[in-house]
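# Observations on chain architecture
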Amino acid sequence: MNKPVRIAAGIQDLALTINGKAASGAAGYQVNDPATGAPFASAPDATEAQLNEAVAAAKAAFPAWAATPWAERRQMLLAFCDAVEADIETVGSLVAQEAGKPLAKGRAEVMGGLFFARGFAKLELPPEVLRDNADQLVRVERRPIGVVGSITAWNYPALLAMWKIAPALLTGNTLVLKPAPSTPFATLRLGEIGRNIFPKGVFNVLSGGDNLGRWMTAHPDIGKIAFTGSVATGKAIMAAAAPTLKRLTLELGGNDAAIVLNDFDIETQASDLFWAAFSNNGQVCACAKRIYVPEAIIDALAEKFAALAGSVKTGPWDMDGVEVGPLQNRKQFDRVSDLVAEAESYAAPFFKGKVPDGGFFHPITLFKDLPDECRLVCEEQFGPAIALLRYSDLESAIAKANDSPFGLGASVWGKNVDAAMQVAARLDAGNVFVNQHPSMGPEIPYGGVRQSGIGVECGVDGLAEYTNTVVLNVKRG
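Bear in mind the structure is a predicted one, so any value in this text is a computation, not a measurement.

## Thoughts on the confidence of the model for the protein
Averaged over every residue, the pLDDT of the protein is 96; residues scoring 70 or more account for 98%. Low pLDDT (under 50) marks residues 1–5, which in the prediction has eight contacts with non-local residues, meaning those over four places away or in another chain.

Here's what the structure looks like:
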């Protein structure tokens, strides 16, 4: 099989989408290839004037789009999904190169985004009648907010874009979508595809640096910000949105705990637990990030984890058979390296893999018995390093799992599902899993508690996040 070209075809021709047309940024900025660490393409850098133009176009398009019947909006969304799927080779290659993931996983990410978007299209928000008698009609309606500004993260650029596009447009809002600066290209391509599907002004895509995000959160004509990313950035967005009281959905990070029970079957369950921690090279908001293991089996599980880690093939996106790529950017590489270095001051890792030279490749690194104050334990690493943490008392493990400012996900692992569910009921997180971590679907609400976010994505509850509640209260007779 021929390998794809090193730079995805047409990447330098990708442009902003404003009011249904292509637009060039006033300047370009360099985007690095995670596999080499060197610039490989230039992306358009939208100006504040271009943001104002896009928001004005979205605001002008909103009344007609909101008045378009739900069924017609659904059909356009599905037509968009079909067009993206027809372009899977291009979009998948763009995701793979800019995000640093293997080509097969880049394509799989795009298909995952389409699965969610098509699943959202099956959902509805019908009016709810609270009272209907001879004297009074009371009906709760969900009406679109207006212009939505969406900002996505770099770990799943296409999937997260579809998580924003589908609910925003389906519920009758118009959209200005900004990808992360380090992964702009797949999202710009989605904008190109959307030009031929949606009415002008309904779907706008702008790439740019951090200033673009600040301008969006402060813009008076954007009624809602939907953001996926770090806790620190989420807090900054919340503060910037306060003067205009924007609606917010913030899907932020976490430090998800996994609790292994005494009846955990190492031979049949260890692989699932391993990939719960190392899927996408550990760059998943809701993946296992600290693993509490009974004293009786921790050494055996460590041995199995080391064997699994040693079998993982790491390499650049266009290498055959690669399972794990590099970290996506220099900042994240430096952070993971710093956390690992601090952990090594407490204990030597029981496994540290080998990776290609150059780029942002970081080896899978496994520790045991790190103290609670170690940053690899108490902070979110978002990379290929984790600690197995010994416990002798289940009550202590549950308390430690809950002792975090974050609360995105948590999981319990064991053969006795009923016993695992009893432990799961005591874990304080927005998403609690049993014998998996994570597991999501378009009909399943997903969100965090405490500092892991505000609001939810997915499901009917996620659709409702893109609407205002309006109560129609009619006096009769």
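From this point, the discussion proceeds with the structure in view.
## Quick look at the pattern of salt bridges
Within the structure shown, the criterion is met by 24 salt bridges. Salt-bridge contacts for Glu85 lead to Arg118; the nearest nitrogen and oxygen are separated by 2.7 Å. With Glu85 in helix α2 (residues 70–86) and Arg118 in helix α4 (residues 103–120), the pair connects residues that are 33 residues apart, well separated along the chain. Owing to a relative accessible area of 23%, Arg118 belongs among the partly exposed residues under this scheme.

## Overview of the sheet that holds strand β18 (residues 431–434)
Read across the open sheet, the seven strands follow the order β14-β15-β16-β13-β12-β17-β18; overall the sheet is mixed. In the strand order of this sheet, the two ends are held by β14 (351–352) and β18, each with one partner. Its contacts with the sheet put helix α9 (residues 266–278) on β12 (257–260), β13 (290–294), β15 (365–368), β16 (385–391) and β17 (409–413), and the angle it makes with β17 is roughly 170°.

## Observations regarding the packing of aromatic side chains
Per the counting criterion, the structure on display carries 14 aromatic pairs. Plain terms: the ring middles of Phe333 and Phe360 are 6.4 Å apart, the flat faces sit at 40° to each other, and that makes the pair tilted. With Phe333 in helix α11 (residues 330–344) and Phe360 in the loop between β14 and β15, this pair connects stretches of sequence that are 27 residues apart. In this pair, the class of Phe333 matches that of Phe360, namely buried. Sitting above the plane of the Tyr156 ring, Lys101 keeps its charged end 4.0 Å from the centroid. Across the ring face of Tyr466, the terminal group of Lys224 is positioned such that the distance to the ring centre comes to 4.9 Å.

## Re the packing of α4 against helix α5 (residues 157–170)
Put simply, α4 and α5 touch, their axes get as near as 8 Å, and they point 15° apart. In terms of axis orientation, α4 runs roughly parallel to α5. For the element pair α4 and α5, the recorded crossing hand is right-handed. On α5, the residues touching Glu109, Val110, Gly112, Gly113, Leu114, Phe116, Ala117 and Phe120 of α4 are Pro157, Ala158, Leu159, Met162, Trp163, Ala166, Pro167 and Leu170. The residue makeup of the contact of α4 with α5, split by class, is 13 nonpolar, two polar and one charged.

## Examining helix α7 (residues 210–218)
Count 3.6 residues to each turn of an α-helix, and residues three or four apart come out pointing the same way. Burial in α7 covers these residues: Leu212, Gly213, Met216 and Thr217. Seen from one end, α7 has its buried residues packed into an arc of 130°, which puts them on one side.

## A few points about the packing of helix α3 (residues 88–99) against helix α6 (residues 185–195)
Relative to each other, α3 and α6 sit at 160°, their axes nearing to 8 Å. Here α3 lies roughly antiparallel to α6, going by the angle between them. Where α3 approaches α6, its residues Thr90, Val91, Leu94, Val95 and Glu98 are matched on the opposing element by Phe185, Ala186, Arg189 and Ile193. Counted by class, the contact of α3 with α6 contains six nonpolar, one polar and two charged residues.

Rules used in this analysis
- Residues numbered from 1 in each chain as written.
- Predicted model: local features only at pLDDT ≥ 70, side-chain atom pairs only at ≥ 80, totals over all residues.
- Heavy atoms only, no water.
- pLDDT = per-residue confidence, 0-100.
- Contact = heavy atoms within 4.5 Å.
- Salt bridge = Lys/Arg side-chain N within 4 Å of Asp/Glu carboxyl O.
- Helix = DSSP H or I, 4+ residues; strand = E, 2+ residues; numbered from the N terminus.
- Buried < 20%, exposed > 50% of the residue type's maximum accessible area, 1.4 Å probe, protein only.
- Pairing = 2+ DSSP bridges.
- Axes fitted to C-alpha atoms, helices over the stretch in contact; angles between N-to-C directions.
- Phe/Tyr/Trp six-rings, centres within 6.5 Å; stacked < 30°, edge-to-face > 60°.
- Lys NZ or Arg CZ within 6 Å of the ring centre and 35° of its normal.
- Parallel < 35°, antiparallel > 145°, perpendicular 65-115°, else oblique.
- Left-handed = near helix turned anticlockwise from the far one by under 90°.
- Nonpolar A, V, L, I, M, F, W, Y, C, P; charged D, E, K, R; others polar.
- Arc of directions from axis to C-beta.

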